Amino acid sequence: MSGLKDIKVRLEGAVVQEERTENALPLLHEIRHALALLLETGEATVIDLRSLPLGTMDAEQLLQVLGQGEIQAQLDSLGKSLIQETRIPGVWFIEHFNIEERLVGQSIEVTFIPTILKSQPEDVRKGFLRLTAQLEE
């Protein structure tokens, strides 16, 4: 059985060159401000990593500072989605893949729980009805 240390978090698509673009530090400050906002107001922030120019050294610096936390989840719906808490509680690294397993989205979500993991009210209603029907049998 593999452990969390075996899970490889990577920044693909966001890496545009082999150099340093000096964007890791500003991005880390943005994450810090997003954490302050989350604590003050409860408002979540999503940072689209694929829209940012990051060099390989920047990506390495970002991943080194954020590290890997204790929680990982995987969803399989029209492709795989990987959700990994970083070493900083409230900061989540999220990757989305299509059915062909190509990376189609990569973000950092600063939130208490990532939106993709929350049960939707309609799904909860369906579950309630299904359980009610089973109990009435």
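Further up the page is the structure itself.
Residues numbered from 1 in each chain as written. Predicted model: local features only at pLDDT ≥ 70, side-chain atom pairs only at ≥ 80, totals over all residues. Heavy atoms only, no water.

**Student:** Help me understand the pairing of strand E6 (residues 91-97), please; the structure alone is not making it clear to me.
**Tutor:** Regular strands place their side chains on alternate faces of the sheet. In terms of burial, E6 is largely enclosed, as six of its seven residues are buried. Direction of pairing for strand E5 (residues 80-85) relative to E6: antiparallel, over a ladder of five bridges. Across the sheet, serine 81 pairs through a bridge with histidine 96, a residue of E6. Taking the residues between adjacent antiparallel strands as the criterion, E5 and E6 are bridged by five residues, where glycine 90 takes a positive phi near 95°. The sheet contact formed by E6 and strand E7 (residues 103-110) spans seven bridges and is antiparallel. Looking at the pairing, valine 91 lines up with valine 110 of E7. In this structure, the hairpin formed by E6 and E7 is closed by a connection of five residues, where glutamate 101 is found at a positive phi of approximately 65°. (Buried < 20%, exposed > 50% of the residue type's maximum accessible area, 1.4 Å probe, protein only. Helix = DSSP H or I, 4+ residues; strand = E, 2+ residues; numbered from the N terminus. Pairing = 2+ DSSP bridges.)

**Student:** Explain the pattern of salt bridges to me, please; I cannot follow it from the model alone.
**Tutor:** Working definition: two side chains of opposite charge can pair if their charged atoms are close together. Under the criterion given, the structure shown has one salt bridge. Between arginine 125 and glutamate 122 there is a salt bridge, with its nearest N and O atoms 3.2 Å apart. With arginine 125 and glutamate 122 both in helix H3 (residues 121-136), this residue pair falls three residues apart, about one helical turn. Under the relative-accessibility criterion, glutamate 122 is labelled partly exposed at 41%. (Salt bridge = Lys/Arg side-chain N within 4 Å of Asp/Glu carboxyl O.)

**Student:** What should I look at first to understand the side chain of serine 81 in this one?
**Tutor:** Its place among the elements puts serine 81 in strand E5. According to the relative accessible area criterion, serine 81 is buried, its value standing at 8%. Looking at serine 81, its side chain comes within polar contact range of the side chain of histidine 96, at 2.7 Å. (Polar contact = N/O pair within 3.5 Å; in protein donor to acceptor, adjacent residues only side chain to side chain.)

**Student:** When you look at the nonpolar core in this model, what are you seeing that I'm missing?
**Tutor:** Inside soluble globular proteins, nonpolar side chains tend to come together where they are buried. Core analysis: the biggest nonpolar cluster contains 15 residues, and Ile31, Leu62, Ile108 and Val110 have the highest contact counts within it. In terms of residues, this core owes the most to one element, helix H1 (residues 24-41), which gives six residues. (Core = buried A, V, L, I, M, F, W, Y, C linked by side-chain atoms within 4.5 Å.)

**Student:** Would you take a moment to explain the packing of aromatic side chains for this structure?
**Tutor:** Aromatic rings considered in pairs are described by the distance between their centres and by the relative angle of their planes. Counted by the stated rule, this structure contains zero aromatic pairs. The ring of phenylalanine 97 carries lysine 80 above its face, with NZ or CZ at 5.8 Å from the centroid. (Phe/Tyr/Trp six-rings, centres within 6.5 Å; stacked < 30°, edge-to-face > 60°. Lys NZ or Arg CZ within 6 Å of the ring centre and 35° of its normal.)

**Student:** Any chance you could explain a nonpolar patch on the surface here in plain terms?
**Tutor:** On the surface, Leu39, Phe112 and Ile113 cluster together into a nonpolar patch covering about 350 Å² of accessible area. Relative to the elements of secondary structure, isoleucine 113 occurs in the loop between E7 and H3. (Patch = residues over 30% accessible without salt bridge, like charges linked within 9 Å, V, L, I, M, F, W, Y side chains within 5 Å. Areas by Shrake-Rupley, 256 points an atom, 1.4 Å probe, with all protein chains shown as cover.)

**Student:** Would you mind going over H1 with me for this structure?
**Tutor:** Each α-helix winds once per 3.6 residues, and so residues spaced three or four apart point in a common direction. An ideal rise of 1.5 Å per residue puts 26 Å on 18 residues; H1 measures up with 25 Å between its terminal C-alpha atoms. Along H1, the residues classified as buried are Ala24, Leu27, Leu28, Ile31, Ala34, Leu35 and Leu38. For H1, the angular spread of buried residues about the axis comes to 115°, placing them on one side. In H1, the exposed residues that point more than 90 degrees away from the buried face are Arg32, His33, Glu40 and Thr41. Looking at the buried residues of H1, the elements they touch are strand E2 (45-48), strand E3 (54-55), helix H2 (56-66), E6 and E7. Glycine 42 lies just past H1 and shows a positive phi near 85°. (Expected span 1.5 Å × (residues − 1). Arc of directions from axis to C-beta. Contact = heavy atoms within 4.5 Å.)

Nothing here speaks to function; it is all geometry.
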